Amino acid sequence: MFSFLDTFFNWLEHYSGSPWFYVAIFSIALLDSVLPIVPSESLVIVGGVSAGLHQLHWSLVIIVAAAGAFAGDNISYQIGNQFSDSIRKRYERSAKGQRRLRWAHEQIQLRGGELLITARFIPGGRTLLTLSCGITDQDRRWFVKWIAIATPIWAMYGTLLGFIGGRSFQDNHTKAFLVAFSIAIGATITLELVRHFRHRSGSPATPPNS
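Residues numbered from 1 in each chain as written. Predicted model: local features only at pLDDT ≥ 70, side-chain atom pairs only at ≥ 80, totals over all residues. Heavy atoms only, no water.

Time to look at a nonpolar patch on the surface. A contiguous nonpolar surface patch, about 320 Å² in accessible area, is contributed by L31, L35 and I37. Note that L35 resides in the loop between α2 (20–34) and α3 (40–52). (Patch = residues over 30% accessible without salt bridge, like charges linked within 9 Å, V, L, I, M, F, W, Y side chains within 5 Å. Areas by Shrake-Rupley, 256 points an atom, 1.4 Å probe, with all protein chains shown as cover. Salt bridge = Lys/Arg side-chain N within 4 Å of Asp/Glu carboxyl O. Helix = DSSP H or I, 4+ residues; strand = E, 2+ residues; numbered from the N terminus.)

Right, dumping it as structure tokens:
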């Protein structure tokens, strides 16, 4: 099993060290904002690892990841604004969709821009929120301002996770990738646990799962 992982991460290291990987990071970060099935966090972390191994530059990884996410969030807003009726009907087909859409509308009014920052770390939640901002016709300048704050924070988080792993294990690339992904998975699990307990206690700060 370790031999397979070593082969996989060596392959990943080879391709992630290419300058074209900047383009891949930008593209996936953009797509993930619109289609939340695309794993943009993972790619940003890989870019950070490559920066730690001196194959990419960490500042450029942050810039292209933030730029892709910024563009994607604005596209999501525009889609919500242009197709608000059909999107609303899609979410209202199920009780879960209705609750999530109602949550997003309520939280935009209650917490506003701060929620756009925290939602960026919740796959699916950020897409729902940016769509909802468009659906409810929130002020575009207000939206752009907060997204311009949220996306660099998100990009820096993923890049630095990978960068630390890459710098800590420069002589063992497999360990560098594994450490970075383990930290990211641990952070995700912690976030999900916090969301779960807040939801059970009745807090509306995070989107409902059911």
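Positioned with a positive phi, D137 is a non-glycine residue whose angle comes to about 55 degrees. Mapped onto the elements, D137 comes out in the loop between α8 (125–135) and α9 (140–168).

A few words now on the nonpolar core. Among the nonpolar cores identified, the biggest contains 20 residues, and Y91, L116, L128, L129, C133 and F143 are the most heavily contacted of them. At the level of secondary structure, the elements contributing two or more residues to this core comprise α5 (84–91), α6 (95–111), α7 (113–119), α8 and α9. The element contributing the most residues to this core is α8, with five residues. Excluding anything up to four places from it in sequence, L116 contacts L129, C133, W142, F143, W146, I147 and A150. If you look at the next biggest cluster of nonpolar residues, it comprises 16 residues, including A29, V44, A65 and A155. (Core = buried A, V, L, I, M, F, W, Y, C linked by side-chain atoms within 4.5 Å. Buried < 20%, exposed > 50% of the residue type's maximum accessible area, 1.4 Å probe, protein only. Contact = heavy atoms within 4.5 Å.)

Quick look at the pattern of salt bridges now. As enumerated under the stated definition, the model contains three salt bridges in all. Across the pair R126 and E41 runs a salt bridge whose closest N-O atoms are separated by 2.7 Å. On the criterion of sequence distance, the pair formed by R126 in helix α8 and E41 in helix α3 is long-range, its members being 85 residues apart. For the salt bridge of R120 with D73, the shortest nitrogen-to-oxygen distance reads 2.9 Å.

What follows deals with α5. For α5, every residue scored as buried is listed here: S84, I87 and Y91. Along the axis of α5, the buried positions cluster into a sector of 70 degrees, meaning they face one direction only. Among the exposed residues of α5, those pointing more than 90 degrees away from its buried face are D85, K89 and R90. (Arc of directions from axis to C-beta.)

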